[in-house]
Amino acid sequence: MQDKSKIIFGNQISAKDYKKALNSKKKYLKKYGDDRNAQYTAKLVENAVLHAPLGVLDIRVGEGEGDIPFDREKGVIVGNIRMGFGHYRISIAMASAAHALGYTPYWMDLNSYKDTTCTKVIGAQNDLYSLGSRLSQKSRLFNKLVWEPMNYEGFRQLSYNSSDQKNAELMAPVFHSVPKDIPLIGTHVWPAQAALHAGMEHVVNAIPDNWPMALHLAEGATHTIQTHQSYMGYRILNGFAKKQVLKPMPAEDIVYTGHYIDHELVANLEADCDRRIARKNSGEPMRFLLTIGGAGAQRELFSAVIKYLLPAVKEKRAALYVNVGDYKAVWEELVKEIDGLEALSTTHFNDWSDTTDFCDKAISGDVSGIHAFWHENIFEAVYCTNLLMRSADVLLTKPSELAFYPIPKLFLKRIGGHEKWGAIHSAEMGDGTLECEDIPHTLQMVDLFLNEDATLKYMCDRIKANKLAGLYDGAYEVVKLAMEKKLPSP
(Lines give C-alpha, C1' and ligand atoms only; values in the text may rest on other atoms or scores of the structure.)
Protein backbone atom coordinates (compact mmCIF):
# COMPACT_ATOMS: atom_id res chain seq x y z
CA MET A 1 0.00 0.00 0.00
CA GLN A 2 1.27 3.47 -0.87
CA ASP A 3 2.27 5.48 2.19
CA LYS A 4 -0.71 7.80 2.57
CA SER A 5 1.37 10.24 4.62
CA LYS A 6 4.02 10.77 1.92
CA ILE A 7 1.88 11.47 -1.13
CA ILE A 8 -1.73 12.71 -0.90
CA PHE A 9 -3.71 12.76 -4.14
CA GLY A 10 -0.45 13.00 -6.06
CA ASN A 11 0.92 15.83 -3.92
CA GLN A 12 4.32 15.18 -2.33
CA ILE A 13 4.60 15.94 1.38
CA SER A 14 7.82 17.66 2.40
CA ALA A 15 10.49 15.65 4.21
CA LYS A 16 10.05 17.88 7.25
CA ASP A 17 6.29 17.30 7.47
CA TYR A 18 6.65 13.58 6.81
CA LYS A 19 9.17 13.30 9.64
CA LYS A 20 6.72 15.16 11.87
CA ALA A 21 4.04 12.60 10.97
CA LEU A 22 6.38 9.71 11.81
CA ASN A 23 7.26 11.31 15.14
CA SER A 24 3.58 11.76 15.97
CA LYS A 25 2.96 8.06 15.47
CA LYS A 26 6.05 7.14 17.52
CA LYS A 27 4.90 9.40 20.35
CA TYR A 28 1.51 7.69 20.55
CA LEU A 29 3.06 4.22 20.34
CA LYS A 30 5.37 5.03 23.24
CA LYS A 31 2.57 6.52 25.32
CA TYR A 32 -0.28 4.09 24.62
CA GLY A 33 1.38 0.84 23.56
CA ASP A 34 1.63 -1.20 20.36
CA ASP A 35 -1.31 -3.52 19.64
CA ARG A 36 -0.79 -3.82 15.88
CA ASN A 37 -0.47 -7.60 16.18
CA ALA A 38 -3.56 -7.98 18.37
CA GLN A 39 -6.34 -10.19 17.04
CA TYR A 40 -9.35 -8.40 18.47
CA THR A 41 -12.72 -10.12 18.32
CA ALA A 42 -15.84 -8.34 17.06
CA LYS A 43 -19.42 -9.09 18.01
CA LEU A 44 -22.82 -7.50 17.39
CA VAL A 45 -25.03 -6.29 20.23
CA GLU A 46 -28.34 -4.40 20.06
CA ASN A 47 -27.85 -0.69 20.71
CA ALA A 48 -29.79 0.09 23.87
CA VAL A 49 -31.21 3.37 22.52
CA LEU A 50 -31.15 3.18 18.71
CA HIS A 51 -32.01 -0.46 18.03
CA ALA A 52 -35.74 -0.07 18.64
CA PRO A 53 -36.30 2.94 16.35
CA LEU A 54 -33.52 2.41 13.80
CA GLY A 55 -32.42 -1.24 14.03
CA VAL A 56 -28.88 -0.26 15.09
CA LEU A 57 -26.45 -2.95 16.22
CA ASP A 58 -23.21 -2.02 18.00
CA ILE A 59 -19.93 -3.58 16.93
CA ARG A 60 -18.16 -4.45 20.18
CA VAL A 61 -14.43 -5.05 19.81
CA GLY A 62 -12.37 -7.22 22.15
CA GLU A 63 -15.37 -8.59 24.09
CA GLY A 64 -15.43 -12.12 22.71
CA GLU A 65 -17.70 -13.79 20.16
CA GLY A 66 -21.40 -12.99 19.77
CA ASP A 67 -24.53 -14.81 18.68
CA ILE A 68 -25.66 -12.35 15.98
CA PRO A 69 -23.95 -12.96 12.62
CA PHE A 70 -22.77 -10.13 10.37
CA ASP A 71 -25.13 -9.64 7.41
CA ARG A 72 -22.75 -9.56 4.43
CA GLU A 73 -25.55 -8.56 2.03
CA LYS A 74 -27.60 -5.95 3.92
CA GLY A 75 -25.18 -4.77 6.60
CA VAL A 76 -23.56 -1.32 6.46
CA ILE A 77 -21.11 -0.03 9.06
CA VAL A 78 -21.34 3.52 10.36
CA GLY A 79 -17.81 4.24 11.58
CA ASN A 80 -17.60 7.13 14.01
CA ILE A 81 -16.09 8.66 17.10
CA ARG A 82 -17.45 10.92 19.78
CA MET A 83 -15.80 14.30 19.28
CA GLY A 84 -18.47 16.79 20.13
CA PHE A 85 -22.00 15.74 19.18
CA GLY A 86 -21.85 16.51 15.44
CA HIS A 87 -20.21 13.28 14.28
CA TYR A 88 -22.61 11.18 16.35
CA ARG A 89 -25.50 13.16 14.87
CA ILE A 90 -24.31 12.45 11.31
CA SER A 91 -23.99 8.79 12.28
CA ILE A 92 -27.58 8.69 13.50
CA ALA A 93 -28.70 10.23 10.20
CA MET A 94 -26.83 7.53 8.27
CA ALA A 95 -28.28 4.77 10.45
CA SER A 96 -31.77 6.20 10.02
CA ALA A 97 -31.42 6.37 6.24
CA ALA A 98 -29.94 2.86 6.06
CA HIS A 99 -32.82 1.48 8.12
CA ALA A 100 -35.38 3.28 5.95
CA LEU A 101 -33.77 1.85 2.82
CA GLY A 102 -33.95 -1.70 4.17
CA TYR A 103 -30.36 -2.14 5.33
CA THR A 104 -28.95 -3.08 8.75
CA PRO A 105 -26.84 -0.31 10.33
CA TYR A 106 -23.84 -1.37 12.41
CA TRP A 107 -22.50 1.25 14.82
CA MET A 108 -18.71 1.22 15.18
CA ASP A 109 -17.41 3.86 17.59
CA LEU A 110 -13.62 3.83 17.55
CA ASN A 111 -13.61 5.91 20.72
CA SER A 112 -15.35 3.18 22.75
CA TYR A 113 -12.81 0.34 22.81
CA LYS A 114 -11.09 1.24 26.07
CA ASP A 115 -8.18 -1.20 26.09
CA THR A 116 -7.04 -0.48 22.53
CA THR A 117 -4.37 1.93 21.34
CA CYS A 118 -6.96 3.23 18.87
CA THR A 119 -9.33 4.50 21.56
CA LYS A 120 -6.53 5.86 23.73
CA VAL A 121 -5.20 7.95 20.84
CA ILE A 122 -8.65 9.25 19.91
CA GLY A 123 -9.63 9.88 23.51
CA ALA A 124 -6.54 12.00 24.13
CA GLN A 125 -7.28 14.16 21.09
CA ASN A 126 -10.97 14.39 21.97
CA ASP A 127 -10.12 15.66 25.45
CA LEU A 128 -7.88 18.34 23.95
CA TYR A 129 -10.60 19.39 21.49
CA SER A 130 -13.23 19.66 24.22
CA LEU A 131 -10.88 21.68 26.41
CA GLY A 132 -10.07 24.01 23.53
CA SER A 133 -13.76 24.54 22.77
CA ARG A 134 -14.51 25.52 26.34
CA LEU A 135 -11.46 27.76 26.67
CA SER A 136 -12.37 29.54 23.44
CA GLN A 137 -15.64 30.65 25.05
CA LYS A 138 -13.94 31.90 28.20
CA SER A 139 -10.93 33.68 26.69
CA ARG A 140 -11.22 35.99 23.70
CA LEU A 141 -7.43 36.06 23.41
CA PHE A 142 -7.16 32.24 23.29
CA ASN A 143 -9.98 32.12 20.77
CA LYS A 144 -8.39 34.76 18.53
CA LEU A 145 -4.78 33.58 18.71
CA VAL A 146 -5.18 29.80 19.01
CA TRP A 147 -8.62 28.29 18.51
CA GLU A 148 -9.96 30.17 15.49
CA PRO A 149 -6.68 29.91 13.52
CA MET A 150 -6.32 26.20 14.30
CA ASN A 151 -9.89 25.34 13.27
CA TYR A 152 -9.80 27.61 10.24
CA GLU A 153 -6.31 27.24 8.77
CA GLY A 154 -4.34 24.73 10.83
CA PHE A 155 -6.64 21.79 10.08
CA ARG A 156 -6.81 22.99 6.47
CA GLN A 157 -3.20 22.16 5.62
CA LEU A 158 -2.20 18.98 3.77
CA SER A 159 0.60 18.47 6.29
CA TYR A 160 -2.03 17.97 9.01
CA ASN A 161 -3.60 15.16 7.00
CA SER A 162 -0.18 13.54 6.70
CA SER A 163 0.13 13.23 10.47
CA ASP A 164 -3.46 12.06 10.84
CA GLN A 165 -2.93 9.31 8.28
CA LYS A 166 0.14 8.06 10.13
CA ASN A 167 -1.74 8.08 13.46
CA ALA A 168 -4.67 6.26 11.83
CA GLU A 169 -2.39 3.30 11.17
CA LEU A 170 -2.56 2.71 14.94
CA MET A 171 -6.37 2.50 14.75
CA ALA A 172 -6.53 -0.28 12.16
CA PRO A 173 -6.27 -3.27 14.59
CA VAL A 174 -9.85 -2.81 15.86
CA PHE A 175 -11.06 -3.94 12.41
CA HIS A 176 -9.29 -7.33 12.68
CA SER A 177 -12.45 -9.46 12.95
CA VAL A 178 -14.80 -7.19 11.03
CA PRO A 179 -15.74 -8.63 7.59
CA LYS A 180 -13.77 -6.58 5.07
CA ASP A 181 -16.45 -6.65 2.35
CA ILE A 182 -19.14 -4.86 4.42
CA PRO A 183 -19.42 -1.22 3.27
CA LEU A 184 -18.34 1.39 5.81
CA ILE A 185 -19.48 5.00 6.06
CA GLY A 186 -17.03 7.09 8.09
CA THR A 187 -18.73 10.06 9.75
CA HIS A 188 -15.36 11.26 10.98
CA VAL A 189 -12.23 10.95 8.89
CA TRP A 190 -10.33 8.76 11.38
CA PRO A 191 -12.67 5.75 11.07
CA ALA A 192 -12.50 6.11 7.28
CA GLN A 193 -8.69 6.30 7.33
CA ALA A 194 -8.40 3.44 9.82
CA ALA A 195 -10.76 1.27 7.78
CA LEU A 196 -8.63 1.76 4.68
CA HIS A 197 -5.44 0.91 6.54
CA ALA A 198 -7.20 -2.21 7.84
CA GLY A 199 -8.12 -3.36 4.34
CA MET A 200 -11.85 -2.57 4.36
CA GLU A 201 -12.91 -2.78 0.72
CA HIS A 202 -15.81 -0.31 0.39
CA VAL A 203 -15.29 2.94 2.31
CA VAL A 204 -17.25 6.19 2.05
CA ASN A 205 -15.94 9.25 3.89
CA ALA A 206 -18.92 11.48 4.80
CA ILE A 207 -17.38 14.94 5.21
CA PRO A 208 -19.05 17.37 7.65
CA ASP A 209 -19.28 21.16 7.69
CA ASN A 210 -18.96 23.62 4.82
CA TRP A 211 -15.31 24.65 5.08
CA PRO A 212 -12.89 22.44 3.08
CA MET A 213 -9.97 21.19 5.19
CA ALA A 214 -7.29 18.59 4.56
CA LEU A 215 -8.16 17.19 7.97
CA HIS A 216 -11.13 15.46 6.33
CA LEU A 217 -9.27 13.64 3.54
CA ALA A 218 -9.15 9.82 3.45
CA GLU A 219 -7.54 8.92 0.14
CA GLY A 220 -8.88 5.60 -1.10
CA ALA A 221 -12.43 6.35 0.06
CA THR A 222 -15.25 8.03 -1.84
CA HIS A 223 -15.66 11.47 -0.30
CA THR A 224 -19.22 12.83 0.02
CA ILE A 225 -19.96 16.53 0.37
CA GLN A 226 -23.05 18.41 1.62
CA THR A 227 -22.67 21.69 -0.30
CA HIS A 228 -21.56 22.77 -3.76
CA GLN A 229 -19.15 25.38 -2.38
CA SER A 230 -17.44 22.72 -0.30
CA TYR A 231 -17.42 20.29 -3.23
CA MET A 232 -15.38 22.68 -5.36
CA GLY A 233 -13.02 23.46 -2.49
CA TYR A 234 -12.24 19.78 -1.97
CA ARG A 235 -12.05 19.07 -5.68
CA ILE A 236 -9.08 21.42 -6.12
CA LEU A 237 -7.75 21.08 -2.52
CA ASN A 238 -8.19 24.82 -2.24
CA GLY A 239 -5.77 26.43 0.20
CA PHE A 240 -4.53 23.08 1.51
CA ALA A 241 -0.91 24.19 1.04
CA LYS A 242 0.07 27.82 1.43
CA LYS A 243 0.95 29.62 -1.81
CA GLN A 244 0.73 26.42 -3.85
CA VAL A 245 -1.60 25.14 -6.55
CA LEU A 246 -2.09 21.46 -5.75
CA LYS A 247 -2.99 18.53 -7.96
CA PRO A 248 -6.78 18.13 -7.70
CA MET A 249 -8.70 15.27 -6.19
CA PRO A 250 -9.85 12.90 -8.97
CA ALA A 251 -13.49 13.46 -9.95
CA GLU A 252 -14.39 9.85 -9.20
CA ASP A 253 -13.28 10.27 -5.57
CA ILE A 254 -15.78 12.99 -4.64
CA VAL A 255 -19.60 13.16 -4.80
CA TYR A 256 -22.06 15.91 -3.87
CA THR A 257 -24.98 14.39 -1.95
CA GLY A 258 -26.82 17.15 -0.10
CA HIS A 259 -27.39 17.37 3.66
CA TYR A 260 -27.08 14.35 5.97
CA ILE A 261 -30.54 14.24 7.59
CA ASP A 262 -32.52 11.54 9.43
CA HIS A 263 -35.25 9.82 7.44
CA GLU A 264 -37.87 10.64 10.11
CA LEU A 265 -37.21 14.38 9.76
CA VAL A 266 -37.20 14.37 5.96
CA ALA A 267 -40.32 12.21 5.63
CA ASN A 268 -42.36 14.46 7.97
CA LEU A 269 -40.89 17.78 6.89
CA GLU A 270 -43.96 19.31 5.23
CA ALA A 271 -46.36 18.34 8.02
CA ASP A 272 -44.00 19.67 10.69
CA CYS A 273 -43.62 23.00 8.88
CA ASP A 274 -47.40 23.27 8.46
CA ARG A 275 -47.85 22.77 12.20
CA ARG A 276 -45.30 25.51 12.91
CA ILE A 277 -47.25 27.98 10.81
CA ALA A 278 -50.57 26.87 12.30
CA ARG A 279 -49.26 27.40 15.85
CA LYS A 280 -48.01 30.86 14.88
CA ASN A 281 -51.33 31.80 13.31
CA SER A 282 -53.33 30.61 16.32
CA GLY A 283 -51.17 32.42 18.88
CA GLU A 284 -49.86 29.32 20.65
CA PRO A 285 -46.58 29.62 22.56
CA MET A 286 -43.67 29.72 20.14
CA ARG A 287 -41.37 26.80 20.85
CA PHE A 288 -37.64 27.57 21.03
CA LEU A 289 -35.21 24.64 21.18
CA LEU A 290 -31.84 25.46 22.76
CA THR A 291 -29.25 22.72 22.37
CA ILE A 292 -25.79 22.74 23.84
CA GLY A 293 -22.95 21.05 21.97
CA GLY A 294 -20.86 18.07 22.98
CA ALA A 295 -18.04 20.26 24.28
CA GLY A 296 -20.36 21.82 26.86
CA ALA A 297 -19.59 25.40 25.86
CA GLN A 298 -21.89 28.45 25.43
CA ARG A 299 -23.68 28.30 28.77
CA GLU A 300 -23.41 32.09 29.16
CA LEU A 301 -25.20 32.64 25.86
CA PHE A 302 -27.91 30.18 26.87
CA SER A 303 -28.39 32.13 30.06
CA ALA A 304 -28.89 35.43 28.22
CA VAL A 305 -31.49 33.93 25.86
CA ILE A 306 -33.43 32.24 28.66
CA LYS A 307 -33.50 35.42 30.75
CA TYR A 308 -34.80 37.36 27.76
CA LEU A 309 -37.55 34.85 27.04
CA LEU A 310 -38.73 34.27 30.63
CA PRO A 311 -41.42 37.03 30.54
CA ALA A 312 -42.82 35.60 27.28
CA VAL A 313 -42.84 32.11 28.80
CA LYS A 314 -44.82 33.39 31.80
CA GLU A 315 -47.27 35.08 29.41
CA LYS A 316 -47.53 31.84 27.37
CA ARG A 317 -46.25 33.53 24.23
CA ALA A 318 -43.16 31.31 24.25
CA ALA A 319 -42.12 27.87 25.39
CA LEU A 320 -38.60 26.55 25.79
CA TYR A 321 -36.91 23.21 25.24
CA VAL A 322 -33.41 23.19 26.77
CA ASN A 323 -31.25 20.16 25.98
CA VAL A 324 -27.97 20.26 27.90
CA GLY A 325 -26.91 16.91 26.43
CA ASP A 326 -24.87 14.95 28.96
CA TYR A 327 -23.77 18.07 30.85
CA LYS A 328 -26.03 18.15 33.88
CA ALA A 329 -23.82 20.76 35.53
CA VAL A 330 -24.79 23.23 32.80
CA TRP A 331 -28.44 23.05 33.85
CA GLU A 332 -27.55 23.33 37.54
CA GLU A 333 -25.52 26.46 36.83
CA LEU A 334 -28.37 27.97 34.78
CA VAL A 335 -30.82 27.38 37.62
CA LYS A 336 -28.48 29.14 40.07
CA GLU A 337 -28.03 32.11 37.72
CA ILE A 338 -31.61 32.70 36.56
CA ASP A 339 -34.27 33.65 39.07
CA GLY A 340 -37.54 31.85 38.44
CA LEU A 341 -36.13 29.30 35.97
CA GLU A 342 -36.58 26.28 38.19
CA ALA A 343 -40.17 27.16 39.10
CA LEU A 344 -41.19 27.33 35.43
CA SER A 345 -39.35 24.17 34.43
CA THR A 346 -40.25 20.53 34.03
CA THR A 347 -37.16 18.33 34.01
CA HIS A 348 -36.80 15.22 31.85
CA PHE A 349 -33.63 13.82 33.37
CA ASN A 350 -32.15 10.45 32.53
CA ASP A 351 -35.54 8.89 31.83
CA TRP A 352 -35.58 7.99 28.15
CA SER A 353 -39.16 6.70 28.11
CA ASP A 354 -40.33 10.00 29.61
CA THR A 355 -38.36 11.95 27.03
CA THR A 356 -39.63 9.98 24.04
CA ASP A 357 -43.20 10.16 25.36
CA PHE A 358 -42.94 13.94 25.64
CA CYS A 359 -41.44 14.23 22.14
CA ASP A 360 -44.20 12.10 20.60
CA LYS A 361 -47.04 13.99 22.28
CA ALA A 362 -45.54 17.43 21.59
CA ILE A 363 -45.69 16.96 17.81
CA SER A 364 -49.43 17.54 17.72
CA GLY A 365 -50.19 18.41 21.36
CA ASP A 366 -49.96 21.54 23.50
CA VAL A 367 -46.71 22.68 25.11
CA SER A 368 -46.10 25.46 27.63
CA GLY A 369 -43.42 26.45 30.12
CA ILE A 370 -39.82 25.27 30.06
CA HIS A 371 -38.75 21.66 29.52
CA ALA A 372 -35.18 20.71 30.38
CA PHE A 373 -33.50 17.55 29.09
CA TRP A 374 -30.37 15.83 30.37
CA HIS A 375 -29.25 12.29 29.64
CA GLU A 376 -26.12 10.57 30.87
CA ASN A 377 -26.16 8.15 27.92
CA ILE A 378 -24.46 9.75 24.91
CA PHE A 379 -26.98 8.32 22.42
CA GLU A 380 -29.89 9.73 24.40
CA ALA A 381 -28.11 13.07 24.86
CA VAL A 382 -27.63 13.50 21.10
CA TYR A 383 -30.81 11.88 19.80
CA CYS A 384 -32.98 13.91 22.16
CA THR A 385 -32.43 17.01 20.00
CA ASN A 386 -33.38 15.09 16.85
CA LEU A 387 -36.66 14.00 18.44
CA LEU A 388 -37.44 17.48 19.79
CA MET A 389 -36.87 19.10 16.40
CA ARG A 390 -40.12 17.82 14.95
CA SER A 391 -42.26 19.72 17.47
CA ALA A 392 -40.01 22.78 17.86
CA ASP A 393 -40.56 26.00 15.93
CA VAL A 394 -37.04 27.46 16.07
CA LEU A 395 -33.71 25.79 16.82
CA LEU A 396 -31.04 27.92 18.54
CA THR A 397 -27.62 26.42 17.88
CA LYS A 398 -24.07 27.22 16.96
CA PRO A 399 -23.59 26.69 13.20
CA SER A 400 -22.12 23.20 13.44
CA GLU A 401 -23.71 20.07 11.96
CA LEU A 402 -27.16 21.21 13.08
CA ALA A 403 -26.82 24.03 10.52
CA PHE A 404 -27.87 21.54 7.85
CA TYR A 405 -31.12 20.36 9.49
CA PRO A 406 -34.57 21.21 8.04
CA ILE A 407 -35.93 23.38 10.83
CA PRO A 408 -35.95 27.20 11.15
CA LYS A 409 -32.63 28.05 12.84
CA LEU A 410 -31.24 30.95 14.81
CA PHE A 411 -27.45 30.71 14.75
CA LEU A 412 -25.53 31.51 17.89
CA LYS A 413 -21.86 32.52 17.81
CA ARG A 414 -19.63 29.82 16.38
CA ILE A 415 -17.02 27.76 18.21
CA GLY A 416 -14.15 27.54 15.73
CA GLY A 417 -13.74 29.47 12.48
CA HIS A 418 -14.77 26.56 10.27
CA GLU A 419 -18.33 26.68 11.64
CA LYS A 420 -19.18 30.12 10.26
CA TRP A 421 -19.56 28.64 6.77
CA GLY A 422 -22.42 26.46 8.00
CA ALA A 423 -24.39 29.58 8.89
CA ILE A 424 -23.52 31.23 5.58
CA HIS A 425 -24.78 28.20 3.65
CA SER A 426 -27.99 27.96 5.69
CA ALA A 427 -28.74 31.65 5.24
CA GLU A 428 -28.22 31.26 1.49
CA MET A 429 -30.58 28.27 1.45
CA GLY A 430 -33.11 30.33 3.44
CA ASP A 431 -33.61 27.93 6.36
CA GLY A 432 -31.49 29.77 8.95
CA THR A 433 -30.37 33.20 10.11
CA LEU A 434 -27.00 34.83 9.76
CA GLU A 435 -24.59 33.98 12.57
CA CYS A 436 -25.35 36.22 15.55
CA GLU A 437 -21.88 37.08 16.80
CA ASP A 438 -22.94 38.70 20.07
CA ILE A 439 -25.80 38.66 22.56
CA PRO A 440 -27.62 41.81 21.30
CA HIS A 441 -27.88 40.44 17.75
CA THR A 442 -28.99 37.06 19.11
CA LEU A 443 -31.79 38.69 21.07
CA GLN A 444 -32.75 40.78 18.03
CA MET A 445 -33.42 37.57 16.10
CA VAL A 446 -35.27 36.00 19.04
CA ASP A 447 -37.50 39.07 19.04
CA LEU A 448 -38.15 38.81 15.28
CA PHE A 449 -39.21 35.18 15.54
CA LEU A 450 -41.36 35.81 18.58
CA ASN A 451 -43.12 39.02 17.61
CA GLU A 452 -43.69 38.76 13.85
CA ASP A 453 -44.85 36.13 11.39
CA ALA A 454 -42.66 36.77 8.34
CA THR A 455 -39.37 35.15 9.42
CA LEU A 456 -40.82 31.82 10.48
CA LYS A 457 -43.09 31.57 7.45
CA TYR A 458 -40.24 32.46 5.08
CA MET A 459 -37.99 29.74 6.48
CA CYS A 460 -40.73 27.11 6.44
CA ASP A 461 -41.46 27.90 2.79
CA ARG A 462 -37.77 27.61 1.95
CA ILE A 463 -37.46 24.30 3.78
CA LYS A 464 -40.30 22.86 1.68
CA ALA A 465 -38.73 24.16 -1.52
CA ASN A 466 -35.33 22.79 -0.51
CA LYS A 467 -36.83 19.36 0.01
CA LEU A 468 -38.27 19.39 -3.50
CA ALA A 469 -34.77 20.17 -4.77
CA GLY A 470 -33.36 17.16 -2.88
CA LEU A 471 -31.25 19.28 -0.53
CA TYR A 472 -31.97 17.10 2.50
CA ASP A 473 -31.48 13.71 0.81
CA GLY A 474 -27.78 13.40 1.57
CA ALA A 475 -27.97 10.52 4.05
CA TYR A 476 -29.98 8.39 1.63
CA GLU A 477 -27.49 9.15 -1.14
CA VAL A 478 -24.48 8.26 1.02
CA VAL A 479 -25.99 4.92 2.03
CA LYS A 480 -26.86 4.11 -1.59
CA LEU A 481 -23.35 5.01 -2.66
CA ALA A 482 -21.82 2.79 0.04
CA MET A 483 -23.93 -0.20 -0.99
CA GLU A 484 -23.27 0.40 -4.70
CA LYS A 485 -19.52 0.17 -4.05
CA LYS A 486 -20.05 -3.56 -3.44
CA LEU A 487 -21.44 -4.09 -6.92
CA PRO A 488 -19.01 -5.07 -9.70
CA SER A 489 -18.39 -2.50 -12.42
CA PRO A 490 -20.57 -3.05 -15.52
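Residues numbered from 1 in each chain as written. Predicted model: local features only at pLDDT ≥ 70, side-chain atom pairs only at ≥ 80, totals over all residues. Heavy atoms only, no water.

1. Some remarks on the environment of asparagine 238
Turning to step 1, where the next piece is worked out: The residue asparagine 238 is located in the loop between α8 (228-235) and β10 (254-256) in this model.
Turning to step 2, where the next piece is worked out: The class for asparagine 238 is partly exposed, based on a relative accessible area of 39%.
Turning to step 3, where the next piece is worked out: In this structure asparagine 238 touches Arg156 and Gly233, once residues within four positions along its chain are discounted. (Helix = DSSP H or I, 4+ residues; strand = E, 2+ residues; numbered from the N terminus. Buried < 20%, exposed > 50% of the residue type's maximum accessible area, 1.4 Å probe, protein only. Contact = heavy atoms within 4.5 Å.)

2. Topic: unusual backbone geometry
Both trends apply: most residues other than glycine have a negative phi, and most peptide bonds are in trans.
Turning to step 1, where the next piece is worked out: Of note in the backbone geometry, aspartate 209 takes a positive phi value of approximately 65° without being a glycine.
Turning to step 2, where the next piece is worked out: Residue position: aspartate 209 is located in the loop between β8 (203-206) and β9 (222-225).
Turning to step 3, where the next piece is worked out: In this model, lysine 243 sits at a positive phi of 60°, which is unusual for a non-glycine residue.
Turning to step 4, where the next piece is worked out: The class for lysine 243 is exposed, based on a relative accessible area of 89%.

3. Section: the sheet that holds strand β11 (residues 286-291)
Turning to step 1, where the next piece is worked out: Read across the sheet, seven strands follow the order β13-β14-β12-β11-β15-β16-β17 without closing on themselves; strand pairing throughout is parallel. This sheet does not close on itself; its edge strands, each paired only once, are β13 (345-349) and β17 (432-435). Here the strands of the sheet are splayed against their neighbours by 15° on average, with no regard to which way each runs.
Turning to step 2, where the next piece is worked out: As paired elements, β11 and strand β12 (residues 318-323) share six bridges and run parallel to each other. (Pairing = 2+ DSSP bridges. Axes fitted to C-alpha atoms, helices over the stretch in contact; angles between N-to-C directions.)

4. What to know about the pattern of salt bridges
Turning to step 1, where the next piece is worked out: By the definition in use, this model includes 21 salt bridges.
Turning to step 2, where the next piece is worked out: Aspartate 326 is paired through a salt bridge with arginine 82; the nearest N and O atoms lie 2.8 Å apart. On the criterion of sequence distance, the pair formed by aspartate 326 in the loop between β12 and α12 (328-337) and arginine 82 in the loop between β5 (75-80) and α3 (86-100) is long-range, its members being 244 residues apart.
Turning to step 3, where the next piece is worked out: Taking the shortest distance from any N to any O, the salt bridge between glutamate 437 and arginine 414 comes out at 3.5 Å. Taken as a pair, glutamate 437 in the loop between β17 and α17 (439-451) and arginine 414 in the loop between β16 (409-411) and α16 (420-429) lie far apart in primary sequence, 23 residues in all.
Turning to step 4, where the next piece is worked out: With a relative accessible area of 48%, glutamate 437 lands in the partly exposed category.
Turning to step 5, where the next piece is worked out: Look at the salt bridges and you will find they share partners, linking Asp3, Lys25, Lys166 and Glu169 into a network. (Salt bridge = Lys/Arg side-chain N within 4 Å of Asp/Glu carboxyl O.)

5. Focus: the packing of α17 against helix α18 (residues 454-468)
Turning to step 1, where the next piece is worked out: Packing of α17 against α18 leaves a shortest axis separation of 6 Å and a crossing angle of 85°. In terms of orientation, α17 lies roughly perpendicular with respect to α18. The residues of α18 that touch α17, namely those facing Met445, Leu448 and Phe449, are Thr455, Leu456 and Met459.
Turning to step 2, where the next piece is worked out: For the contact of α17 with α18, the per-class residue count stands at five nonpolar, one polar and no charged. (Parallel < 35°, antiparallel > 145°, perpendicular 65-115°, else oblique. Nonpolar A, V, L, I, M, F, W, Y, C, P; charged D, E, K, R; others polar.)

6. Digging into the packing of helix α10 (residues 269-282) against α18
In a pair of packed helices, the angle between the axes and the distance between the axes together describe the arrangement.
Turning to step 1, where the next piece is worked out: Running from N to C, α10 and α18 point in directions that differ by 170°, and their axes come no closer than 10 Å. With respect to α18, the axis of α10 lies roughly antiparallel. Residue-level inspection shows Leu269, Glu270, Cys273, Asp274, Arg276, Ile277 and Lys280 of α10 in contact with α18, the latter providing Leu456, Lys457, Cys460, Ile463, Lys464 and Lys467.
Turning to step 2, where the next piece is worked out: For the contact of α10 with α18, the per-class residue count stands at six nonpolar, no polar and seven charged.

7. Things to note about α8
Turning to step 1, where the next piece is worked out: Along α8, the residues that are buried comprise Ser230, Gly233 and Tyr234. Along the long axis of α8, the arc covered by the buried residues comes to 95°, so they all point the same way.
Turning to step 2, where the next piece is worked out: The opening residue of α8 is threonine 227, an N-cap whose side-chain oxygen sits 3.0 Å from the backbone nitrogen of serine 230.
Turning to step 3, where the next piece is worked out: Looking one or two residues past α8, leucine 237 carries a phi angle of roughly 50°, positive in sign. (Arc of directions from axis to C-beta. Polar contact = N/O pair within 3.5 Å; in protein donor to acceptor, adjacent residues only side chain to side chain.)

8. Some points on the sheet that holds β9
Turning to step 1, where the next piece is worked out: Here we have eight strands laid out as an open sheet, ordered β3-β4-β6-β5-β7-β8-β9-β10, and mixed in their pairing. In the strand order of this sheet, the two ends are held by β3 (42-46) and β10, each with one partner. Taken over all neighbouring pairs, the strand axes of this sheet differ in orientation by 30° on average, direction set aside.
Turning to step 2, where the next piece is worked out: The sheet contact formed by β8 and β9 spans three bridges and is parallel.

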